[in-house]
Amino acid sequence: NAFDATLGRTSAVLPVGQLIDSVRVDLIDLLDRADSLFSGSQSELKSDWLVLLRSQKVRISELGLLGRRLVALLVARLGSTSEAALYLKIATLEKAGTVAPWICGYLHVLRHLGNEAAHNEPESDRIPAYVEEGDLGLALLCVERLVRFASSIDLNSASSTH
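What this report covers is the structure whose coordinates are included nearby. The structure displayed is predicted, hence computed values, not measured ones.

### A closer look at the overall build of the chain
- When you go through the chain residue by residue, the secondary structure sums to eight helices and zero strands.
- In the chain, the succession of helices and strands from N to C terminus is α-α-α-α-α-α-α-α.
- Within the chain, buried positions represent 43% of all 162 residues.
- Taking the contacts inside the chain whose residues are at least 6 apart along the sequence as the reference set, 71% of them involve residues at least 24 apart.

### Concerning the pattern of salt bridges
- If you walk through the whole model with that rule in mind, you get five salt bridges.
- In this structure, Arg 33 and Asp 29 form a salt bridge, with 2.8 Å as the shortest nitrogen-oxygen distance. Of this pair, Arg 33 and Asp 29 both sit in helix α2 (residues 18–33), four residues apart, roughly one helical turn.
- With relative accessibility at 57%, the residue Arg 33 sits in the exposed group.
- Of the residues examined, Asp 29 reaches a relative accessible area of 39% and is grouped as partly exposed.

### A closer look at the nonpolar core
- Ranked by size, the top nonpolar core spans 44 residues in total, and within it Leu 27, Leu 31, Phe 38, Trp 49 and Leu 63 carry the most contacts.
- Elements with a contribution of two residues or more to this core: α2, α3 (43–54), α4 (60–77), α5 (86–95), α6 (101–119) and α7 (133–152).
- A per-element tally of this core places α7 first, with nine residues.
- Setting aside anything within four residues of it in sequence, one finds Leu 27 in contact with Leu 53, Leu 140, Val 143, Glu 144 and Val 147.

### Some points on the packing of α5 against α6
- Relative to each other, α5 and α6 sit at 175 degrees, their axes nearing to 9 Å. Relative to α6, the element α5 is oriented roughly antiparallel. Here α5 contributes Leu 86, Tyr 87, Ile 90, Ala 91 and Glu 94 to the contact with α6, which in turn contributes Pro 101, Cys 104, Leu 107, His 108 and Arg 111.
- Residue classes in the contact of α5 with α6 are distributed as seven nonpolar, one polar and two charged.

### A look at α6
- If you check α6, its first and last C-alpha atoms are 26 Å apart, about what 19 residues at 1.5 Å a residue would give, namely 27 Å.
- Of the positions making up α6, those classed as buried are Ile 103, Cys 104, Leu 107, Leu 110, Arg 111, Leu 113, Gly 114, Glu 116 and Ala 117.

### A word on the side chain of Glu 116
- Tracing the sequence through the fold places Glu 116 in helix α6.
- Taking the relative accessible area as the measure of exposure, Glu 116 reaches 11% and is therefore buried.
- Beyond its immediate chain neighbours, meaning those up to four positions away, Glu 116 contacts Ile 60, Arg 126 and Val 131.

About the criteria used
- Each chain has its residues counted from 1, running along the sequence as written.
- Given that this is a predicted model, residues contribute local features only at a pLDDT of at least 70 and side-chain atom pairs are listed and counted only at 80 or more, while totals for whole chains, interfaces and linings are drawn from all residues.
- Where side-chain values are given, they derive from all heavy atoms of the structure, hydrogens and water being excluded.
- Going along the chain from the N terminus, every DSSP run of H or I of four or more residues is numbered as a helix, and every run of E of two or more is numbered as a strand.
- Partly exposed describes any residue whose relative accessible area lies between the buried limit of under 20% and the exposed limit of over 50%, with all areas from a 1.4 Å probe on protein chains only and scaled to the type maximum.
- When checking whether two residues touch, look at their non-hydrogen atoms; a contact exists if any pair is within 4.5 Å.
- The salt bridge criterion pairs a side-chain nitrogen of Lys or Arg with a carboxyl oxygen of Asp or Glu, the two atoms within 4 Å.
- Put simply, buried Ala, Val, Leu, Ile, Met, Phe, Trp, Tyr and Cys residues joined by side-chain atoms within 4.5 Å make one nonpolar core.
- What counts as an axis is a line fitted to C-alpha atoms, over the stretch in contact for a helix, and the angles between N-to-C directions run from 0 to 180 degrees.
- Working definition: roughly parallel below 35 degrees, roughly antiparallel above 145 degrees, roughly perpendicular at 65 to 115 degrees, and oblique for all remaining angles.
- Three categories are distinguished: nonpolar for Ala, Val, Leu, Ile, Met, Phe, Trp, Tyr, Cys and Pro, charged for Asp, Glu, Lys and Arg, and polar for the others, with Gly belonging to the last.
- Expected span, for any helix, means 1.5 Å times one less than how many residues it has.

In structure tokens, the structure reads:
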């Protein structure tokens, strides 16, 4: 909390309720079964997600940074080997027709929230100025959909064909 206050970050936390609680439970189950997605050095990311999902209070900084790490993993597993910025990697996957536009949209949502978590500026003229609880709930739904997507395809063969 002190770190967030010093950086001027918002205090938005993942909302509590039946829908979000159900998504948490489903996502924990999905992650427990997604061993191939989180193989090797990525097992730490899976562990970090499980700890986060079991936490009582999930802040934007935690969800955003883990979301961005998940996006980077998925983009790499989908075959992006370029050194370009993450948004360009996602755009390239969409433009090539490798990944459906709505899946790329979910990737971008998590990328944006990751950027927000890392670079939140306390005084902003944008509308809304800060991420809100509902945004974090939507992000969790994006994570759930992306893990389902990744689990439904063989990402190891996808990365070798693109």
